[in-house]
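Observations on chain architecture
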Amino acid sequence: MDVRRATQRYPGGDPGTGIQSLHAFSFGPHYDPDNLRFGALIACNEERLAPGAGFDEHPHSHTEIVTWVVEGELTHRDSTGHETVVRPGDVQRLSSAAGVRHVERNDGPAPLTFVQMWLAPLEPGGDPSYEIVHGIADSTPYAVPEAGAMLHVRRLTAGERTAVPDGVYVYVHVVRGEVGLDDERLGPGDAARITEAKDLEAVGVTEAELLMWEMTALSGASGL
């Protein structure tokens, strides 16, 4: 198990325009050849957008983009005609496939925080697609078969235990609160990268929210 602390994330974004980003993997000018990916996961970005701030239209290709809103509301528009508002508890996935363009904005009155995770698909190309699942439950994992991955959401009370999925690659990200995992104590923004995960449990030290990726195989290259 390789634990990466929130303080080890690479800073990014554009604070002058109300955008603050923290990157768990090599990203943009923060190139780190030893931190390019873990399993299918190639990015896990914590994004904070002030009211009125946002990312103007930009392209992606050959990437599965999964977004989890922590607080506030995220407005999404893309070149395939989708326009939605993503709220806490929703899972949004944009499959960029051979190419798509999108806009992400905070059009609401309150600050917006979201976690965005990029996964490399097993096969490049194809047609872009979009999906949003409102109010996902802890007992219902979200499958991304294009990347050979499954997202598990867990909300824990203090002292509550939950199984960490078994898998060749498992990535655990703490959204809020504190959890114990093996002999480690993880706080907000901390993550654990586990290879050959088996029979592990996470326990809520406080009330906590976790995102756990179960990945069974290495995926192909991503065009981002």
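Residues numbered from 1 in each chain as written. Predicted model: local features only at pLDDT ≥ 70, side-chain atom pairs only at ≥ 80, totals over all residues. Heavy atoms only, no water.

**Quick notes on the pairing of strand β3 (residues 19–23)**
Along β3, the buried face is formed by I19, S21 and H23; none of Q20 and L22, which line the opposite face, is buried. The pairing of strand β2 (residues 10–14) with β3 spans five bridges and is classified as antiparallel. Each bridged residue has a counterpart across the sheet, and for Y10 the counterpart in β3 is H23. Count of turn residues in the β2/β3 antiparallel hairpin: four residues, of which G18 carries a positive phi of about 90°. Two strands pair when backbone bridges link them, and β3 and strand β4 (residues 41–49) are joined in this way by five bridges, in the antiparallel orientation. When the sheet's bridge partners are listed, H23 is paired in β4 with N45. (Buried < 20%, exposed > 50% of the residue type's maximum accessible area, 1.4 Å probe, protein only. Helix = DSSP H or I, 4+ residues; strand = E, 2+ residues; numbered from the N terminus. Pairing = 2+ DSSP bridges.)

**Let's talk about the sheet that holds strand β19 (residues 191–197)**
Pairing within the open sheet is antiparallel, and its six strands lie in the order β1-β19-β16-β21-β14-β13. The sheet terminates laterally at β1 (2–4) and β13 (142–144), the two strands that pair on one side only. On average, adjacent strands in this sheet sit at an angle of 20° to one another, irrespective of strand direction. Sheet topology places strand β16 (residues 167–176) next to strand β21 (residues 208–215); seven bridges connect them, and they run antiparallel. The residue of β21 that forms the bridge with V174 is L210. (Axes fitted to C-alpha atoms, helices over the stretch in contact; angles between N-to-C directions.)

**Describing the packing of aromatic side chains**
This structure, assessed with the given rule, holds three aromatic pairs. A ring pair is formed by F25 and Y171, whose centres lie 5.9 Å apart and whose planes are at 35°; its orientation type is tilted. You can see F25 sitting in the loop between β3 and β4 and its partner Y171 sitting in strand β16, a full 146 residues away along the chain. Residue classification places F25 among the buried positions, given a relative accessible area of 0%. A ring pair is formed by F27 and W118, whose centres lie 5.4 Å apart and whose planes are at 55°; its orientation type is tilted. Of this pair, F27 sits in the loop between β3 and β4 while W118 sits in strand β11 (residues 112–119), placing them 91 residues apart in sequence. (Phe/Tyr/Trp six-rings, centres within 6.5 Å; stacked < 30°, edge-to-face > 60°.)

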